[in-house]
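Architecture and fold: a report
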Amino acid sequence: MRVRAWAEELRTRVTGVDPGLTRLALAGVATASMVLAAGVMSVVRLLTGQAVTVVLFAAVLAMISNLAVNEPDLGRRRVTTALMLLPAAGSIALGTLLASNRIVGDVVFVAVMMAAVWIRRYGPRGFALGMAMFMPYFFTQFLQAKPAQLPWLMLAAAVGIGSTLLLRCYLLAEDPDKVLQRLLRAFRAHVHAVTTAVIDVLEAPADDQRAIDAALRDVHDRRVRLNDTALLLVDRLERRRDARADDEDTPDDPEIERLDVDVLDVELAAERLAVSTRRLADDPEREGPLDAEVRRRLVAGVRGIGAATATGTPPALREALLAGARRSVTPLTAESSGEQRDRAQRVAFAVTRLADALDAARVAADVEVQAGHRGAHRGAPTEEPEEAAKDQDDDPDDDTDGTGDRGLALTTRQAIQVGVATSLAIVVGELVSPARWYWAVVAAFVMFAGTASRGDVLARGWQRLVGTVGGVVAGMLLAFLVGGHVVVTVVLLFVCVFLALYLLRVSQGLMAFWITAVLALLYGLIGQFSVETLVLRVEETAVGGALGALAGFLVLPKKTRTAFVEAFDDTVDAIDDVLCAAADAITGRPPAAPPVELAREMDDRLGTLRQRAKPLDSPLPWRRGRGGYQRAVRVLTAVDHYARALARLSDRIVAPGWAVTLDPAMDRVRANIDGLRELFDGAEDPAEVRPAEQLVDAAEAWAARTDDPSLRPALLAVVRVLRRIDQIVVRLDRDLRGSRGEDELAVSPGGGSEAR
């Protein structure tokens, strides 16, 4: 029985590791494309006597065309993949003709890299075409291609890109309904993970603060992963809805149409369970451990939900488990005497709320699984939308022509930085090794993919260097173990390629680790393996990374704090839009856009803010004041949580008469959130943030006296959400103002628990 339970738990965890199996699909199809391209060109090589480089060239372009094309729609993906052949052909021709003239070739190479970065302003297609310009030109210079090889290199490019087009866009094109089913299972798996972490908090010894803190951190991390998966799922549902709207032959399905709302309900309920559990663990009024009976009932309720959300649980059993979870905490939720600890009761209410949300969402999820193949086969993204955006710098709103408030467009600034960094990398790389200079150039070029500030550049360069050093050690070990065994070496080579592609969206360091291992195996296969060669790779990678960082810090630099503040402003704007639209919807006015849709955009902006904050969380000793940034992110994460709840509530509430008291309270809360912007923007005299407590009280009094008793609970829920937003914003404002004049925004991360 224990073995079965362990196996089910393992299955659930694996389901949540790669939501929708998008990374697995990307790595699998890319590796298969490389194998196909290499196989075809190997036959061509045997028939024509061409060098082995044409095989390598085709395989690399197959990999690049998989990684670079991230169009969400299958039709656009096919077009973009096919279009990659045009810039690739131009780069091959130009690079081959200039290969004999090194100086001119290098100058044009730098220009090609700058153009490849600048064109990213045109979104996913621009990113893909830019990579199709860079990689072929690089290989012609690296291989010292001759004009006589031009037709065969063109053929290799066509085979590489064609292999991707055939496999990824036709033979192995993803079924969007199957991806949606996998995302639903992953979402439930992450809900299960949150419940498991909550149980760890509840069962942690009361006198072991270290264990409690570790369990609370685990709860937080799992909440973040749940939120990310929910965003992926909602985004996929939006794409599916758009596809159905375009297909007149596909009927609407009411159960499917409400699924995104069900997902939001479950996510908010899971977050409420996590938040109430943290408050229970941090309860300063409780002396000693939690009452044994209370603990037992809470753990039983949460464990029931965990069992219901485990992967593979039958629907009938899931319903019984959720009912059992509610029964476990019923004595706690029904108790009204003053002896009952309020925070423990809130956890019990959260258990009931999550069970109810899962029960309501379960039917929609099951209908979706059964209806899996009814929708049109439109294709689906092969990677997470947030990761795709992060790697492509494709936010058109940021790519102005340089006349806006933020100065040069990101792509223009980075194109100039890439030009400087790669020019220096060519010179210094050749001084280190005239035969391996290209490693320094590649290292400098990739430093500026998915970065927005000099802190991002430094973090990425550090990751690649550490990964490369580790890959050298692993590569030497693998090369020594399989030396002389050609078949084993080839199999391991493609396994390492697969792992590099699978982990690319997880960590640049892990990708560099496995790519370096690939190089070690490749050199061993062609008889050129040596420790000196691998050490040289570390040196060239360090040179390229250092020069990339130098360009990021000295050439049109954007401070990490500046990038963070810009993302902070965008997030505040998105939150304000949600609050304004929710207030309009509740009071019967037409909102500018549906609040739930605006909430999804708010989540995207928050994801960008988290990325911008990562360099500010560096463990480097000279990075001071990082606590304030991370605390601000935690506060806006909490505001995001409550704003989404408000958006959800606004879907089912219409109370025009409430505008008299709700609007002033909402306006004050919005003004307070905007006041945080002035603090982070460094205003000399930021606007005063005044608590909206009295205004919220007035709105609550109106809600309590409403003539419609059935509407009263929902109205009071809106008031509670609004009050919580105001409380956490006011607390952060006080902390930030108290810390001004000390370290830059150096707020103690332990100051207050509301932002966690």
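Residues numbered from 1 in each chain as written. Predicted model: local features only at pLDDT ≥ 70, side-chain atom pairs only at ≥ 80, totals over all residues. Heavy atoms only, no water.

This paragraph deals with the overall build of the protein chain. The number of helices and strands found in the protein chain is 28 helices and zero strands. Among the 756 residues that make up the protein chain, the fraction classed as buried is 56%. If you sum the accessible surface of the protein chain, you get close to 31,600 Å²; carbon and sulfur atoms cover 60% of it. (Helix = DSSP H or I, 4+ residues; strand = E, 2+ residues; numbered from the N terminus. Buried < 20%, exposed > 50% of the residue type's maximum accessible area, 1.4 Å probe, protein only. Areas by Shrake-Rupley, 256 points an atom, 1.4 Å probe, with all protein chains shown as cover.)

A few words on the environment of Arg77. Position of Arg77 among the secondary structure elements: in helix 4 (residues 74-83). Measuring from C-alpha to C-alpha, the distance between Arg77 and Pro124 comes to 9.6 Å, with 47 residues separating the pair along the chain. Looking at Arg77, its side chain comes within polar contact range of the main-chain oxygen of Glu71, at 3.3 Å. (Polar contact = N/O pair within 3.5 Å; in protein donor to acceptor, adjacent residues only side chain to side chain.)

This part takes up the nonpolar core. Residues Met84, Phe109 and Phe134 are the most contacted members of the largest nonpolar core, which totals 87 residues. Per-element accounting of this core gives the leading share, twelve residues, to helix 3 (residues 53-68). Residues contacting Met84, with those up to four places away along its chain left out, are Ile64, Ser65, Ala68, Val69, Ala128, Leu129, Ala132 and Ile161. If you look at the next biggest cluster of nonpolar residues, it comprises 61 residues, including Ala581, Ala665, Leu715 and Val729. (Core = buried A, V, L, I, M, F, W, Y, C linked by side-chain atoms within 4.5 Å. Contact = heavy atoms within 4.5 Å.)

As a further point, take the side chain of Thr489. If you trace the backbone, Thr489 turns up in helix 20 (residues 486-502). Those residues in contact with Thr489 that sit more than four places away from it in its chain are Val482, Leu521 and Leu525.

This paragraph deals with the packing of helix 17 (residues 410-432) against helix 22 (residues 531-554). The angle between the axes and the distance between the axes are what describe a pair of packed helices. Across the interface, helix 17 lies against helix 22 with an axial gap of 9 Å and an inter-helix angle of 150 degrees. Overall, the two elements helix 17 and helix 22 adopt an arrangement that is roughly antiparallel. When the axes of helix 17 and helix 22 are compared, the crossing they make is right-handed. Counting all contacts with helix 17, which are made through Gln417, Val420, Ala421, Leu424, Ala425, Val428, Gly429 and Val432, the residues of helix 22 involved are Leu536, Glu539, Glu540, Val543, Leu547, Gly548, Ala551 and Gly552. The residue inventory of the contact of helix 17 with helix 22, partitioned by class, reads ten nonpolar, four polar and two charged. (Axes fitted to C-alpha atoms, helices over the stretch in contact; angles between N-to-C directions. Parallel < 35°, antiparallel > 145°, perpendicular 65-115°, else oblique. Left-handed = near helix turned anticlockwise from the far one by under 90°. Nonpolar A, V, L, I, M, F, W, Y, C, P; charged D, E, K, R; others polar.)

What follows deals with the environment of Pro591. With respect to the helices and strands, Pro591 occurs in the loop between helix 23 (560-586) and helix 24 (595-613). With a relative accessible area of 30%, Pro591 lands in the partly exposed category. Separated by eleven residues in the primary sequence, Pro591 and Cys580 place their C-alpha atoms 7.8 Å from one another. In contact with Pro591, other than residues within four places in its own chain, are Ala581, Asp584 and Ala585.

Another point: helix 20. Counted at 1.5 Å a residue, the expected span for helix 20 with its 17 residues is 24 Å, and the 24 Å between its end C-alpha atoms agrees. Of the residues making up helix 20, those classed as buried are Thr489, Leu493, Cys496, Val497, Ala500, Leu501 and Tyr502. (Expected span 1.5 Å × (residues − 1).)

What follows deals with a nonpolar patch on the surface. A surface patch of nonpolar side chains, amounting to about 680 Å² of accessible area, comprises Leu408, Ile416, Val420, Leu424, Leu458, Leu550, Phe553, Leu554 and Leu556. Within the fold, Leu554 resides in helix 22. (Patch = residues over 30% accessible without salt bridge, like charges linked within 9 Å, V, L, I, M, F, W, Y side chains within 5 Å. Salt bridge = Lys/Arg side-chain N within 4 Å of Asp/Glu carboxyl O.)

Turning next to the packing of aromatic side chains. Counting across every chain of the model gives 16 aromatic pairs. Members of the aromatic cluster, joined through ring pairs, are Phe57, Phe109, Phe134, Tyr137, Phe138, Phe139, Trp437, Tyr438, Trp439, Phe445 and Tyr523. Its guanidinium or amino end placed over the ring of Tyr502, Arg23 lies 5.1 Å from that ring's centre, counting from NZ or CZ. Lying across the ring of Trp439, Arg537 places its NZ or CZ 5.6 Å from the centre. (Phe/Tyr/Trp six-rings, centres within 6.5 Å; stacked < 30°, edge-to-face > 60°. Lys NZ or Arg CZ within 6 Å of the ring centre and 35° of its normal.)

Here the idea is simple: oppositely charged side chains can pair when their charged atoms come close. In the structure shown here, the tally under the stated rule is 26 salt bridges. Two residues, Arg677 and Asp569, come together in a salt bridge whose shortest N-O distance is 3.9 Å. Taken together, the residues Arg677 in helix 26 (residues 659-681) and Asp569 in helix 23 connect sequence positions 108 residues apart. Arg723 is paired through a salt bridge with Glu700; the nearest N and O atoms lie 3.0 Å apart. Residue Arg723 is located in helix 28 (residues 712-739), and its partner Glu700 is located in helix 27 (residues 693-704); the two are separated by 23 residues in the primary sequence. Taken together, the shared-partner salt bridges in this structure form one network comprising Glu267, Glu271, Asp603, Asp640 and Arg644.

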